[in-house]
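Listed here are the chains, written in short residue letters.
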Amino acid sequence: LVIAPHEDDEMVGPGGTILRALASGAEVRVVYLTAEAGERGAIRRADTQRISAKLGYGTEFLGYLADSLPVTPESGARLASSIRSFAPGAILVPFFTDDHPDHRAASLLLQEAAANGLDLGLEVWAYQVYSAVIPNVVVDITDAAAQKAEAIRMWQNSAMRSRDSTCMKPTLTLRAKRAWRSSTGPRISTGAVSTSSTRSTACGLPMDSTASSAPST
């Protein structure tokens, strides 16, 4: 289950990992926490429904106002209910220092859900969208990198395209991804911070347990 503050955060952030999970046969659901009002919000919702259907993951929209995500017992209880209904093996959520107030609030909201009785005895992965994190897990997304870039470009809303054009390249290279050379040639990885104590696999995906195996370039 992926917690996305806004439509497209799931692809700009952990998109490569999501695509690899789908390719391995995993069921994926994205819970979108916020939405914009008016025509732009309707366009974003339509884009998201079209893209998620094409790529093969489920969606749920909680509909809180963008840039004003509340972190309250009530909103925590709603998120907890969404998580329980899906019963995931792992949760992906924005890292708590990511450079957007809704992204930071999303991390706090998961804590609020836990305070409302949600059992978090499962893996929680913290992903980045804007701000770099020092990861303790690395997933090789070389085979999914081109598909991820194509998926990001599927969103037609002009405001989103303008925003993401400034971060798409670094998202695929220096910020969220680390490129390195192996015996089979250049590779691309995605980094995350995980609560798992055994990180040889997660979500059914093989990974390196430390970022040192994939140094930034």
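Everything numeric here is computed off the predicted structure, so don't read it as measured data.

J.: Which parts of the structure should I look at to understand the pairing of strand β2 (residues 29-35)?
T.: Consecutive side chains of a regular strand alternate in pointing toward one face of the sheet and then the other. With respect to burial, β2 is a largely interior element, six of its seven residues being buried. In this structure, β2 lies alongside strand β3 (residues 58-65), joined through six bridges in parallel fashion. Its bridge partner lying in β3, Ala 35 is registered against Leu 65. The parallel pair β2 and β3 is bridged by helix α3 (residues 38-55), and the resulting crossover is right-handed.

J.: Explain the pattern of salt bridges here, please?
T.: When the charged atoms of two side chains with opposite charge come close together, those side chains can pair. Scanning the model with the defined rule gives five salt bridges in all. The partner of Arg 29 in a salt bridge is Glu 60, with the nearest N and O atoms 3.9 Å apart. Here Arg 29 is found in strand β2, whereas its partner Glu 60 is found in strand β3, with 31 residues between them in sequence. A residue is classified by how much of its surface remains accessible, and Glu 60, at 24% relative accessible area, is partly exposed. Residue Glu 36 is joined to Arg 44 by a salt bridge in which the shortest nitrogen-to-oxygen separation is 2.2 Å. Given the relative accessible area of 21%, Glu 36 is considered partly exposed. In the salt-bridge network here, residues are joined through shared partners; they are Glu 7, Glu 36, Arg 40 and Arg 44.

Definitions and limits used
- Residues numbered from 1 in each chain as written.
- Predicted model: local features only at pLDDT ≥ 70, side-chain atom pairs only at ≥ 80, totals over all residues.
- Heavy atoms only, no water.
- Buried < 20%, exposed > 50% of the residue type's maximum accessible area, 1.4 Å probe, protein only.
- Helix = DSSP H or I, 4+ residues; strand = E, 2+ residues; numbered from the N terminus.
- Pairing = 2+ DSSP bridges.
- Right-handed = clockwise from strand over helix to strand, strands pointing away.
- Salt bridge = Lys/Arg side-chain N within 4 Å of Asp/Glu carboxyl O.

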